[in-house]
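The lines below spell out each chain.
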Amino acid sequence: MENIIKDIDIIAPVEAQACDFKTTGDENTGKSKKLYIESYGCQMNFSDSEIVASIMKENGYDTTSDFEEADVIFLNTCSIREKAELTVRKRLSQFNSLKKSKPEMTIGVLGCMAERLKEKLLEEEKIVDVVVGPDAYRDLPNLISSAEDGHKGVNTFLSREETYADISPVRLNSNGVSAFISIMRGCDNMCSFCVVPFTRGRERSRDPYSIVEEAKDLFVKGYKEVTLLGQNVDSYKWSPEENNKARLNKKEEEVSAVINFAHLLEMVAKVSPQLRVRFSTSHPKDITDEVLFTMKKYDNICKYIHLPVQSGNSRVLEMMNRTYDREWYLERVSKIREILGLECGISSDMIAGFCTETEEEHQDTLTLMDIVQYDFSYMFFYSERPGTLAAKKYKDDIPLIIKKRRLAEIIEKQNAISLKRNNLDVGKIQEILIEGTSKRSEEQLKGRNSANKVVIIPNHQFDKGDYVKVKITDCSAATLFGEVVS
Ligand code: SAM
Ligand code: SF4
């Protein structure tokens, strides 16, 4: 099965993870109608495409990796930076000639860009037939059927409860080893630079028992690793009576039970010691000691935390409305080191050149990186997004050339730190989970250690999904190299 990944504007020293473009694979069961989906942006979008594929499958559509044979093409979009939206518009223009030769084909824009632009998208992009926001995917079959009758449609209703808990995702592009499980939707934080609260709505947590069932089902099917996904997983909070975070906070006294993220993590870890558990993303204001101790308690909870800092300067963090400062962040990192040790992987997201950021404040980001010693980071320059708090309140006053220079300095620093961190692994024995052959050579296998680092080993007789003990012998800034320990 094909797995196409293209970076949009992410700069990361290891395999792109936070901002990819992926297509569907073949899920051909012989039915007549064919669906082709491309997912842009974060892992959550990719996970949403699996939900969309499941809804469409129920309605007679099999997925295909060949857009030319598709009856329906969906682009599941991202709005996080301007460049992400431009990429989608360019992609739409590439479908123009196909649509001309096959006018009966339906083209849909899903996800954050759909939610942000609504009807405007139909006006601006003539080849688009349906525009559907992240909470309206159950309506896709209706909208597609109307589009087939010549009626274009938009549904960007944002729900306060929808979690798609009952939908069993169709796994797309799966390596058969690792899968994503969406545990919550939306975000109640109002980071001033971010469009997500406007495109994905209020925070809701999914029924934990449906999450555990999904993890069990994956394990039975041979999967060995699940990643629990949410914009802010540490904020997960569910009760049988209420799954909406804001409403639950108001009536916590009245509900029969509350399950938080540490409880959920433990429930999933108990599915099997052979099932690795990862999660993303952690917000520095919400990650608790309880979560860290739960990670320590279970060997199968991977020792890796994605803890985006965004900036190392407290004034900038306040303007970003991140609700923590430099000291708070560094205290959380110290706690991670104290409870989980030096080997726990930590990664970050960083934004260079946010409104009014001075050279000294930019230096604070660099010094914070020196202190934390991130294993890797996703690094961006600030891109003003219409409708966000920052766009309303602050001037986007750092010239592009300066934003890019600061970003280059952050990347250079990260590459040096990544190499240093990887060098610390050389000589160590680690357990890796085999994901398949290496992209570069059939003679090598690719696995991942607990800290989420890719480890390349010579191709022995191992299968995907095997746990293998290796000794790390060498490294680059992006990859570890090892040999099997007999
Ligand atoms: N919920 C996650 C958190 O709070 O860390 C982040 C989710 S967001 C989809 C991924 C990353 O995109 C953010 O951490 C931030 O670094 C980056 N990002 C978001 N808005 C941005 C903007 N307007 N310009 C540049 N980068 C942005
Ligand atoms: Fe955006 Fe902040 Fe929510 Fe992350 S926590 S999705 S950066 S608003």
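Data block above holds the structure.
A brief look at the structure comes next. Only a predicted model underlies this, so the values are computations on that prediction, with no experimental measurement involved. (Residues numbered from 1 in each chain as written. Chains lettered and ligands numbered in written order. Predicted model: local features only at pLDDT ≥ 70, side-chain atom pairs only at ≥ 80, totals over all residues. Heavy atoms only, no water.)

Overview of the environment of K471
Reasoning step 1: Position of K471 among the secondary structure elements: in strand β21 (residues 467–475).
Reasoning step 2: For K471, a relative accessible area of 36% puts it in the partly exposed group.
Reasoning step 3: Residues K471 and S486 lie 15 residues apart in sequence; the distance between their C-alpha atoms is 9.9 Å.
Reasoning step 4: Beyond its immediate stretch of four places on either side in the chain, K471 contacts G427, K428, I429, F481, G482, E483 and V485. (Helix = DSSP H or I, 4+ residues; strand = E, 2+ residues; numbered from the N terminus. Buried < 20%, exposed > 50% of the residue type's maximum accessible area, 1.4 Å probe, protein only. Contact = heavy atoms within 4.5 Å.)

Focus: the site of ligand 2
Reasoning step 1: Around ligand 2 sit C187, N189, C191, F193, C194, V196, P197, Q231, H283 and R322, and that is every residue in its neighbourhood.
Reasoning step 2: Tallied by class, the residues present in the shell around ligand 2 amount to six nonpolar, three polar and one charged. (Near = heavy atom within 4 Å. Nonpolar A, V, L, I, M, F, W, Y, C, P; charged D, E, K, R; others polar.)

Topic: the pairing of strand β14 (residues 276–280)
Reasoning step 1: Most of β14 is tucked away: five of the five residues are buried.
Reasoning step 2: Residues of β14 alternate between two faces, with R276, R278 and S280 on one and V277 and F279 on the opposite face, all of them buried.
Reasoning step 3: The sheet contact formed by strand β11 (residues 225–229) and β14 spans five bridges and is parallel. Across the sheet, L229 pairs through a bridge with S280, a residue of β14. (Pairing = 2+ DSSP bridges.)

Topic: the site of ligand 1
Reasoning step 1: Taken together, 15 residues form the shell around ligand 1, and within it Q231, Q310, R322, D349 and S383 come nearest.
Reasoning step 2: For ligand 1, an oxygen atom lies 3.2 Å from a polar atom in the side chain of R81.
Reasoning step 3: Contacts to ligand 1 include S383, whose backbone N or O atom sits 2.8 Å from a nitrogen atom.
Reasoning step 4: Relative to its unbound accessible surface of 560 Å², ligand 1 loses 92% to contact with the protein.
Reasoning step 5: If you list the elements that add at least two residues to the shell around ligand 1, you get β16 (345–352) and β17 (376–381).
Reasoning step 6: Looking at the shell around ligand 1, its residues break down into seven nonpolar, four polar and four charged. (Polar contact = N/O pair within 3.5 Å; in protein donor to acceptor, adjacent residues only side chain to side chain. Areas by Shrake-Rupley, 256 points an atom, 1.4 Å probe, with all protein chains shown as cover.)

As for the nonpolar core
As a rule of thumb, nonpolar side chains are buried together in soluble globular proteins.
Reasoning step 1: With 69 residues, the main nonpolar core has L228, F261 and I305 as its most contacted residues.
Reasoning step 2: Counting residues in each nonpolar core, the second largest holds 26 residues, with I51, I55, L110 and V170 among its members. (Core = buried A, V, L, I, M, F, W, Y, C linked by side-chain atoms within 4.5 Å.)

Here we look at the pattern of salt bridges
Reasoning step 1: Scanning the model with the defined rule gives 47 salt bridges in all.
Reasoning step 2: Between D48 and R185 there is a salt bridge, with its nearest N and O atoms 2.9 Å apart. Taken as a pair, D48 in helix α1 (residues 43–58) and R185 in strand β9 (residues 184–185) lie far apart in primary sequence, 137 residues in all.
Reasoning step 3: With relative accessibility at 0%, the residue D48 sits in the buried group.
Reasoning step 4: Close ionic contact of R247 with E242 constitutes a salt bridge, the shortest N to O distance being 3.3 Å.
Reasoning step 5: Classification of R247 by relative accessible area gives partly exposed; the value is 30%.
Reasoning step 6: Through salt bridges with shared partners, a single ionic network connects D48, D135, R185, R200 and R204. (Salt bridge = Lys/Arg side-chain N within 4 Å of Asp/Glu carboxyl O.)

Structural notes on unusual backbone geometry
Reasoning step 1: In this chain, S280 is followed by T281 through a cis amide linkage whose omega measures 10°.
Reasoning step 2: You can see T281 is positioned in the loop between β14 and α11 (289–297).
Reasoning step 3: Positive phi values are uncommon outside glycine, yet N321 reaches one of about 60°.
Reasoning step 4: Topologically, N321 is positioned in the loop between α12 (314–319) and α13 (326–340).

Structural notes on helix α6 (residues 140–148)
Reasoning step 1: Every buried residue of α6 is accounted for by L140, P141, L143, I144 and A147. Viewed end-on, α6 has its buried residues packed into an arc of 165°, placing them on one side of the element.
Reasoning step 2: Two residues or fewer after α6 comes G150, characterised by a positive phi angle close to 95°. (Arc of directions from axis to C-beta.)

Some remarks on the environment of K285
Reasoning step 1: Its location among the elements puts K285 in the loop between β14 and α11.
Reasoning step 2: When near neighbours in sequence (up to four residues on either side) are disregarded, K285 contacts N189, N232, R322, T323, Y324 and W328.
Reasoning step 3: A polar contact is formed between the side chain of K285 and the side chain of N189, at a distance of 3.0 Å.

Digging into the side chain of R337
Reasoning step 1: For R337, the location among the structural elements is in helix α13.
Reasoning step 2: For the buried R337, which has no salt bridge, the nearest side chain bearing the opposite charge is D375, at an N-O separation of 4.8 Å.
Reasoning step 3: If we ignore the near neighbours within four places in the chain, the residues touching R337 are L342, C344, I346, V372, Q373 and R421. (Lys, Arg positive; Asp, Glu negative; His and termini not counted.)

Things to note about the side chain of D286
Reasoning step 1: Topologically, D286 is positioned in the loop between β14 and α11.
Reasoning step 2: Separated by 2.8 Å, the side chains of D286 and K285 make a polar contact.

Notes on the pairing of strand β2 (residues 33–41)
Reasoning step 1: Taken across its nine residues, β2 has eight buried, putting it largely inside the fold.
Reasoning step 2: With three bridges joining them, β2 and strand β3 (residues 61–63) adopt parallel strand pairing. Looking across to β3, one finds that K34 is bridged to D62.
Reasoning step 3: Bridging between β2 and strand β4 (residues 72–77) involves five bridges; their strand directions are parallel. Note on β4: the bridge partner recorded for S39 is N76.

Focus: the sheet that holds β11
Reasoning step 1: Pairing within the open sheet is parallel, and its three strands lie in the order β8-β11-β14. Edge strands, defined here as strands with exactly one partner in the open sheet, are β8 (178–182) and β14. Across this sheet, the average inter-strand angle for adjacent strands is 25°, counted without regard to direction.
Reasoning step 2: Sheet topology note: the β8/β11 ladder contains five bridges and is parallel. Across the sheet, the residue bridging to S182 is L229, located in β11.
Reasoning step 3: Here helix α8 (residues 208–220) sits on the sheet in contact with β8 and β11, set at roughly 165° to β8. (Axes fitted to C-alpha atoms, helices over the stretch in contact; angles between N-to-C directions.)

Overview of the packing of aromatic side chains
Reasoning step 1: In this structure the tally under the stated criterion is 12 aromatic pairs.
Reasoning step 2: Geometrically, the ring pair formed by Y137 and Y164 is stacked, given 6.0 Å between the ring centres and 20° between the ring planes. Note that Y137 is positioned in the loop between β6 (130–132) and α6 and Y164 in the loop between β7 (153–155) and β8, a separation of 27 residues in sequence. Of the two residues, Y137 and Y164, both sit in the buried class.
Reasoning step 3: Ring plane angle 80° and centroid distance 6.3 Å describe the contact between F354 and Y394, whose orientation is recorded as edge-to-face. Placement of F354 in the loop between β16 and α14 (359–372) and of Y394 in the loop between α15 (389–393) and α16 (400–425) is noted, with a sequence separation of 40 residues between them.
Reasoning step 4: One residue, R81, lies across the ring of F380, its end atom 3.7 Å from the ring centre. (Phe/Tyr/Trp six-rings, centres within 6.5 Å; stacked < 30°, edge-to-face > 60°. Lys NZ or Arg CZ within 6 Å of the ring centre and 35° of its normal.)

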